[in-house]
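Structure assessment
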Amino acid sequence: MSYVNDVLELVKTKYPEQPEFQQAVKEVFATFEPAIAAKAEIYRKNAILERLIEPDRQIQFRISWLDDNGNIQVNRGYRVQFNNSIGPYKGGLRLHPSVNLSIIKFLGFEQVLKNSLTGLPMGGAKGGSDFDPKGKSDREIMVFCQSFMTELYKYIGADLDVPAGDIGVGAREIGYLFGQYKRIQGNYEGVLTGKGLSYGGSLARKEATGYGLLYIVEEMLKANGLELKGKTIAVSGAGNVAIYAIEKAQELGAKVVTASDSGGFIYDPDGIDLALLKEIKEVRRARISEYILTRPNAIYTAGQRVWQTPCDIALPCATQNELDLEDARALIANGCLAVAEGANMPTTLEATRYLQENHILFLPGKAANAGGVATSGLEMCQNSQRLAWSFEEVDAKLKNIMIEIFKNVDSAAKRYQAEKNYVLGANIAGFEKVAEAMLAQGAV
Ligand code: NDP
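What comes next is a walk through the structure.

Procedures and definitions
- Residues numbered from 1 in each chain as written.
- Predicted model: local features only at pLDDT ≥ 70, side-chain atom pairs only at ≥ 80, totals over all residues.
- Heavy atoms only, no water.
- Helix = DSSP H or I, 4+ residues; strand = E, 2+ residues; numbered from the N terminus.
- Rg over C-alpha atoms; globule rule 2.2 N^0.38 Å.
- Contact = heavy atoms within 4.5 Å.
- Areas by Shrake-Rupley, 256 points an atom, 1.4 Å probe, with all protein chains shown as cover.
- Lys, Arg positive; Asp, Glu negative; His and termini not counted.
- Charge placed at Lys NZ, Arg CZ, Asp CG, Glu CD.
- Axes fitted to C-alpha atoms, helices over the stretch in contact; angles between N-to-C directions.
- Parallel < 35°, antiparallel > 145°, perpendicular 65-115°, else oblique.
- Left-handed = near helix turned anticlockwise from the far one by under 90°.
- Salt bridge = Lys/Arg side-chain N within 4 Å of Asp/Glu carboxyl O.
- Core = buried A, V, L, I, M, F, W, Y, C linked by side-chain atoms within 4.5 Å.
- Buried < 20%, exposed > 50% of the residue type's maximum accessible area, 1.4 Å probe, protein only.
- Domains from an automatic or database assignment.
- Pairing = 2+ DSSP bridges.
- Nonpolar A, V, L, I, M, F, W, Y, C, P; charged D, E, K, R; others polar.
- Near = heavy atom within 4 Å.
- Polar contact = N/O pair within 3.5 Å; in protein donor to acceptor, adjacent residues only side chain to side chain.

Quick look at the overall build of the protein
- The helix and strand inventory of the protein stands at 18 helices and 12 strands.
- Relative to a compact globule of 444 residues, whose C-alpha radius of gyration would be 22 Å, the protein shows 21 Å and is just as compact.
- For the protein, the spread of C-alpha atoms along the principal axes amounts to about 65 × 55 × 45 Å.
- Long-range contacts, defined as pairs at least 24 residues apart, comprise 71% of the intrachain contacts of the protein with a sequence gap of at least 6.
- Of the roughly 17,500 Å² that the protein leaves accessible, carbon and sulfur atoms contribute 50%.
- Distance between charge centroids for the protein: 3 Å, based on 49 positive and 53 negative side chains.

Concerning the packing of helix α13 (residues 325-333) against helix α14 (residues 349-357)
- As a packed pair, α13 and α14 sit with axes 8 Å apart at the nearest point and diverge in direction by 25°. Classed by the angle they form, the pair α13 and α14 counts as roughly parallel. Remark: the crossing between α13 and α14 carries right-handed chirality. Packed against α13, whose contacting residues are Leu325, Ala328, Arg329 and Ile332, the element α14 presents Glu350, Ala351, Tyr354 and Leu355 at the interface.

What to know about the pattern of salt bridges
- Applying the stated criterion across every chain yields a total of 28 salt bridges.
- One salt bridge in this structure joins lysine 12 and glutamate 9, with 3.2 Å as the shortest N-O distance. In this pair, lysine 12 and glutamate 9 both sit in helix α1 (residues 3-14), three residues apart, roughly one turn of the helix.
- Ionic pairing is found between glutamate 151 and lysine 154, a salt bridge with its closest N-O pair at 3.0 Å.
- Salt bridges here are not isolated pairs; linked through shared partners, they connect Glu27, Glu110 and Lys366.

Considerations on the nonpolar core
- Grouped together as the largest cluster of nonpolar side chains are 62 residues, with contacts concentrated most on Leu213, Ile233, Leu277, Leu315, Leu363 and Ile405.
- Take this core: its biggest share by element is nine residues, from helix α9 (residues 205-223).
- Shared between two domains, this core takes at least three residues from each, and those domains are domain 1 (3-190) and domain 2 (206-363).
- If near-sequence neighbours (up to four positions away) are discounted, leucine 277 is found in contact with Ala238, Ile243, Ile246, Ala259, Ile266, Ile272, Glu282 and Ile288.
- Counting 40 residues, the second-largest nonpolar core is a separate cluster that includes Phe29, Phe82, Leu101 and Phe106.

So, the pairing of strand β3 (residues 89-95)
- A large share of β3 lies buried, amounting to seven of its seven residues.
- Note that β3 and strand β5 (residues 161-164) share four bridges and pair parallel. Within β5, the position partnered with lysine 90 by the bridge is valine 162.
- Two strands pair when backbone bridges link them, and β3 and strand β4 (residues 124-129) are joined in this way by three bridges, in the parallel orientation. Counted as the bridge partner of leucine 95 is serine 129 from β4.

Quick look at the sheet that holds strand β8 (residues 264-267)
- If you trace the seven strands from one edge of the open sheet to the other, you get β9-β8-β7-β6-β10-β11-β12, paired in mixed fashion. Both edges of this open sheet fall to β9 (299-302) and β12 (361-363), since each of them pairs with a single strand only. Geometrically, the sheet is characterised by an average inter-axis angle of 15° between neighbouring strands, direction not taken into account.
- Sheet topology places β8 next to β9; four bridges connect them, and they run antiparallel. The partner of tyrosine 267 across the bridge, within β9, is isoleucine 299.

Some words on the packing of helix α2 (residues 19-29) against helix α6 (residues 101-117)
- At a minimum axis separation of 6 Å, α2 and α6 run at an interaxial angle of 25°. Classed by the angle they form, the pair α2 and α6 counts as roughly parallel. In contact with Pro19, Glu20, Phe21, Ala24, Val25, Val28 and Phe29 of α2, α6 contributes Ser102, Ile103, Lys105, Phe106, Phe109, Glu110 and Leu113.
- Along the lines of polarity and charge, the residues of the contact of α2 with α6 split into 10 nonpolar, one polar and three charged.

Re the sheet that holds β4
- In spatial order, the strands read β1-β2-β4-β3-β5; together these five strands make up an open sheet with mixed pairing. Each having just a single partner strand, β1 (57-66) and β5 make up the two edges of the open sheet. Strand-to-strand, the axes of this sheet are offset by a mean angle of 20°, without reference to chain direction.
- In terms of strand pairing, strand β2 (residues 72-83) meets β4 through six bridges, oriented antiparallel. Its bridge partner being in β4, glutamine 81 is matched across the sheet by alanine 125.
- Strand contacts of helix α7 (residues 138-152): β1, β2, β3, β4 and β5, with the helix running at about 140° to β1, the strand carrying the most contacts.

A closer look at the site of the ligand
- Of all residues adjacent to the ligand, which total 25 residues, the nearest are Asp166, Thr209, Ser262, Arg287 and Asn344.
- One of the side-chain N or O atoms of arginine 94 is found 2.9 Å from an oxygen atom in the ligand.
- Secondary structure elements with two or more residues in the shell around the ligand: α9, α10 (240-251) and β7 (255-261).
- A class-by-class count of the residues in the shell around the ligand yields six nonpolar, 12 polar and seven charged.
- Looking at which domains feed residues into the shell around the ligand, each of domain 1 (3-190) and domain 2 (206-363) supplies at least three.

Put into structure tokens, the structure is as follows:
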């Protein structure tokens, strides 16, 4: 058996109870053969793949907190520090009832390769909790975040591990987490990214993942003789990534006709009214179904996904495995040209394969949504320098990084005779830098 298959088997036998983690490794390893074959002996001798799939450490802890009725609630917290070969650990914190070790490990594994792709010196990690922020009061959110940080602070630091937001963790939660870290440690350091502008945050960080997604999609279309202007786009989600993807898409002249939350989706044939969507989601924190109360032409469909909607470009921006084979079939039947992942692993393996076999331009999350962590990297630079750059400066750097990511992904695909296979290109381009650093640093 090939080295790649040997290690894939190892993952299956070692972690049978971690389906998301297995899926992520399988998806990445499925594209690794050509790059590994070129150096199989040296990689095997140095156990590069065995080390790549085994986190440096995984921390799991209890989070006890007092709810508004005075009852003690208990949740489970995680931080998986996956690989710090090319820089301090970096990756978001997710608060969602579905969070478990398998999900955090899949996200951490992906983060290693994604961070490498940005060209910035950042290792990979991920963390979070099975805490459900929905329906919690502001006080409960604060108390939970404080309790979470009271354990997490032991393992993080500006040069050690720098967490950020993810699903369920936005500016409010980062503020509470940062406040508690500072209170315990007694020093002021850039230990988290996604901070508020008044205490060390970066302009354009909030917008970065969504904007970056559109910058790289534009570059991919250009490389394939297409343009974004005038295209119809289906977006899923209505969170941080989705909202700013919609904003940039509209700015670049495309028409976005859908958005969703876990309750259902809206279709607006006139194009999404972004101010209204922001008011519902960012200000009132309400359900997306309220959108149609103000927009009579729009339709709300409960319990369904957006992918039956005819579009030129599909941007899944909600969560993992939200676009399956049936969805992929619908997209193709409706003439879709391109799919780019704003979320992490939103497309199932079967759907990805089907899209690629049918020559749909497919850009995986680790390239397409890398703008968020890249701008977090820029926030770290500003904190280290004790400076704050302008919005335009950060945005220009972000755009540049996204263009470079596409070029690297495209050229890695071409180098291994797999032109337009951006999944292969992204996996290999991300891997090669990490592997080189691991080889240089010896058996650690
Ligand atoms: P948010 O919490 O801001 O928004 C998530 C959105 O997805 C919400 O609309 C939410 O609806 C919906 N959603 C979440 N879980 C489910 C589910 N199980 N089924 C259906 N809908 C769901 O998160 P972000 O926008 O920050 O993140 C979205 C995705 O992008 C995630 O995969 C994340 O890992 C990835 N990502 C985020 C980055 C960032 O900078 N924020 C960077 C890179 C990747 P509801 O409110 O009803 O739950």
